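Residue-level structure breakdown
Each chain is listed here by its residues.
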Amino acid sequence: MKRRTTQRYGAVMAAAALLASAACSSPYESDSSSNAGGGQRTIRPVEGCGDKAWTDPKDLSPTRTPARCLPGAPPPQPVPEPRKLTIATGTLSAEYVAPLQVALDKGEFKKEGLDVTLKVLPTPDALPLLAKGDIDALWAAPEAAVMNGIKGGFDIKWVAGNFSPDPQSKSGLWVRLKEGESASRVAMAGRRLGTMIGKGSVIAYPMEKALEQHGGGLADIQYQQLGSADVLTALENGGVDSAWLLDPVWRKVDGRQGYAFLGGQPPGEPLGGMLYGPTLLQDDVDAGVALIRAYIRTVNTYFASDYKQDATFVTYLAELLKSDASILRSTPPLRMDWEIRARTTTHLQSAYKAQEVAEGDALPESRTVNRTLYEEAVGHTP
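Here's a quick rundown of the structure. Computed from a prediction, not measured in an experiment: that's the story for all the values here.

Some remarks on the overall build of the protein chain
Secondary structure summary: the protein chain contains 13 helices and twelve strands in total. Counting the 382 residues in the protein chain, one finds 54% classified as buried.

Describing the sheet that holds strand β10 (residues 259-264)
Ordered by their spatial adjacency, five strands build an open sheet running β8-β7-β9-β6-β10, and the pairing between neighbours is mixed. Either end of the sheet is taken by a strand with one partner, and the two such strands are β8 (222-225) and β10. On average, each strand axis in the sheet is tilted by 25° relative to the strand beside it, whichever way the strands run. Bridge count between strand β7 (residues 192-195) and β8: four bridges; the pairing is parallel. Along β8, the bridge assignment pairs T195 with Q225. In the packing of helix α5 (residues 204-212) onto the sheet, the strands contacted are β6 (172-176), β7, β8, β9 (242-245) and β10, and the crossing angle to β6 comes to about 40°.

Considerations on the pattern of salt bridges
According to the stated counting rule, one finds 16 salt bridges in the structure shown. Of the charged contacts, one joins R64 and D337 as a salt bridge, the two residues approaching to 2.6 Å between their closest N and O atoms. Taken as a pair, R64 in the loop between α1 (2-22) and β1 (83-89) and D337 in the loop between β12 (335-336) and α11 (344-354) lie far apart in primary sequence, 273 residues in all. Given the relative accessible area of 5%, R64 is considered buried. A relative accessible area of 1% means that D337 is categorised as buried. For the salt bridge of R297 with E112, the shortest nitrogen-to-oxygen distance reads 2.8 Å. In this pair, R297 is assigned in helix α8 (residues 285-302) and E112 in the loop between α2 (98-105) and β2 (114-120), connecting sequence segments 185 residues apart. Exposure class is identical for R297 and E112. Each is buried. Among the ionic contacts, a cluster of salt bridges with common partners joins E108, K111, E112, R293 and R297.

What counts, and where the lines are drawn
Residues numbered from 1 in each chain as written. Predicted model: local features only at pLDDT ≥ 70, side-chain atom pairs only at ≥ 80, totals over all residues. Heavy atoms only, no water. Helix = DSSP H or I, 4+ residues; strand = E, 2+ residues; numbered from the N terminus. Buried < 20%, exposed > 50% of the residue type's maximum accessible area, 1.4 Å probe, protein only. Pairing = 2+ DSSP bridges. Axes fitted to C-alpha atoms, helices over the stretch in contact; angles between N-to-C directions. Contact = heavy atoms within 4.5 Å. Salt bridge = Lys/Arg side-chain N within 4 Å of Asp/Glu carboxyl O.

Okay, structure coming up:
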């Protein structure tokens, strides 16, 4: 098994090297119009990225196969001058941050001429810094605070997705069953919900769908914000009636009598990822595309399929994330997905309104999403 793992890893790296060598010259040298601003940009075919490198955003099928290029693709196209970029993230240890950690550790950002720093910052603290250009990108989600910030004048857009759950995952809404209740018949109205973020999180969207099936709604439950280590404890000791449990915490109650899983994130639909401010949206689009290109290449090289079947890689990932390898192996792999589905931010804003945390009218997708950077990175012409 170890020999096969080594052979497979060697094949992946050989393909990456071949594709990197195919990038003969930087497109920026002969196309100055693509350097900055929001004007028309030239999109060229990309070695290793074909028809499977893009999927129609309107395809909302839960069984949709995520977009993929060959390992090592898209090949690097270094920016004309080295750039220092800062990406804010709420954590460095969560599995959904793994592509950024691997890209940094394996030098994928450096191949693009980017000196990237990952900085731990909560989304509320990072948003004004992103809008002012004090940080360049935010690895988070289009939460209510983001939508309200855009309405308030922040030039921020969601530019790349992160992941959708494996069909076997039970990360999501769990409830303690009362007498006479079952997983198919739970009265949720009036329940107390334990969650790390409280109102205004992207989980409001999938939670709304789950609650509607059980006689409740986002306005019919009480929210109790808890620390990450306290959510499960509160559910077990009766401090809350229900809770949103993440990987791998839900494993603690899965199969136990008296607990039921009501639903989680929609399959095939990322609810977070990369957010850009004016620096990478307008001032230096080349660097913005390069950053996404490095991220996409990392996904294609290391996370294209079930990356948890490779024991060596799981061990490496656990060390990088400073987590326990056995815990990492205990949950299904995330389906890393850089694309953004149509109407996701519309559904999110509807849920925020139901929670009474949204201000004003809902924003159109043209104000919240920009898919052109990842489309350029894989050579897709809209």
